[in-house]
Amino acid sequence: VVLGRKNDYSTINGEKLYNFDIENAILDSKTVKLCEIQTHPEDDNRLVAHIVWENEINSLLKNNMEKQNEYLMELQEKVMKKLKNKEAIPFNFCIRDSFPSAPSGKRDIKFIKEDIDGLIEINKPYAKKLVK
């Protein structure tokens, strides 16, 4: 079974983390349709989880920032529980309606990594929305 590419990893505080392990932990949640883990474009030591919610959840959370933050904290807990590594927990999230495609038809990873408009930072026990 192929889980991901061996060159798809991030180094956080000197520790090599495979992005697909974190993505799979998040995708175990029935609330997330798609997930892409990248490092922050301005700080390679911070993980950003780019999330596409399942349709029903997206409707529920669209205008309810407090509820969305609860769901994001649950995703953080899921990552910690599955990977047992605090370095693997994303504290930054970008919520998307879909992922853009590159001319090749694949996900446009470069665009996803650079586009962090509406970045949400979750640092327990509070959450705040940052504007780029």
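The notes below deal with the structure included here. Note that the structure is predicted; figures quoted are calculated from it, not measured.

### Observations regarding the overall build of the protein
Logical step 1: If you tally the helices and strands in the protein, you get 4 helices and 7 strands.
Logical step 2: Going from the N terminus to the C terminus, the protein shows its helices and strands as β-β-α-β-β-α-α-β-α-β-β.
Logical step 3: Over its C-alpha atoms the protein spans a radius of gyration of 14 Å, differing by no more than 12% from the 14 Å that the globule rule assigns to 132 residues.
Logical step 4: Across its three principal axes, the protein shows a C-alpha extent of roughly 35 × 35 × 35 Å.
Logical step 5: Per-residue burial over the protein gives 41% buried out of 132 residues.
Logical step 6: Sequence-distant contacts, at least 24 apart, represent 53% of the contacts inside the protein between residues at least 6 apart.
Logical step 7: Counting only carbon and sulfur atoms, one obtains 49% of the accessible surface of the protein, whose full area is about 7,900 Å².
Logical step 8: Charged side chains in the protein number 22 positive and 22 negative. The centres of these two groups are separated by 3 Å.

### Notes on helix 3 (residues 65-83)
Logical step 1: With 19 residues, helix 3 extends 27 Å between its outermost C-alpha atoms, agreeing within 8% with the 27 Å of an ideal straight helix rising 1.5 Å per residue.
Logical step 2: Of the residues one or two after helix 3, Lys84 is the one with positive phi, at around 50°.

### A short note on the pattern of salt bridges
Logical step 1: In the structure shown here, the tally under the stated rule is 6 salt bridges.
Logical step 2: When the shortest N-O distance is used, the salt bridge between Lys113 and Asp44 registers 3.7 Å. In this pair, Lys113 is assigned in helix 4 (residues 109-114) and Asp44 in strand 4 (residues 43-53), connecting sequence segments 69 residues apart.
Logical step 3: We classify Lys113 as partly exposed; its relative accessible area is 22%.

### Here's the deal with the pairing of strand 5 (residues 92-96)
Each regular strand shows side chains that alternate between the opposite faces of the sheet.
Logical step 1: The element strand 5 is extensively covered by neighbouring structure, given that 4 of its 5 residues are classed as buried.
Logical step 2: Of the pairings in the sheet, the one linking strand 4 to strand 5 comprises 5 bridges and is parallel in character. The residue of strand 5 that forms the bridge with Val48 is Asn92.
Logical step 3: As judged from the 2 bridges shared by strand 5 and strand 6 (residues 120-123), these two strands associate in the antiparallel manner. Considered in strand 6, the bridge of Phe93 is made with Ile120.

Reading guide: rules and limits
Residues numbered from 1 in each chain as written. Predicted model: local features only at pLDDT ≥ 70, side-chain atom pairs only at ≥ 80, totals over all residues. Heavy atoms only, no water. Helix = DSSP H or I, 4+ residues; strand = E, 2+ residues; numbered from the N terminus. Rg over C-alpha atoms; globule rule 2.2 N^0.38 Å. Buried < 20%, exposed > 50% of the residue type's maximum accessible area, 1.4 Å probe, protein only. Contact = heavy atoms within 4.5 Å. Areas by Shrake-Rupley, 256 points an atom, 1.4 Å probe, with all protein chains shown as cover. Lys, Arg positive; Asp, Glu negative; His and termini not counted. Charge placed at Lys NZ, Arg CZ, Asp CG, Glu CD. Expected span 1.5 Å × (residues − 1). Salt bridge = Lys/Arg side-chain N within 4 Å of Asp/Glu carboxyl O. Pairing = 2+ DSSP bridges.

Honestly, that's just the spatial picture; any functional story needs more than this.
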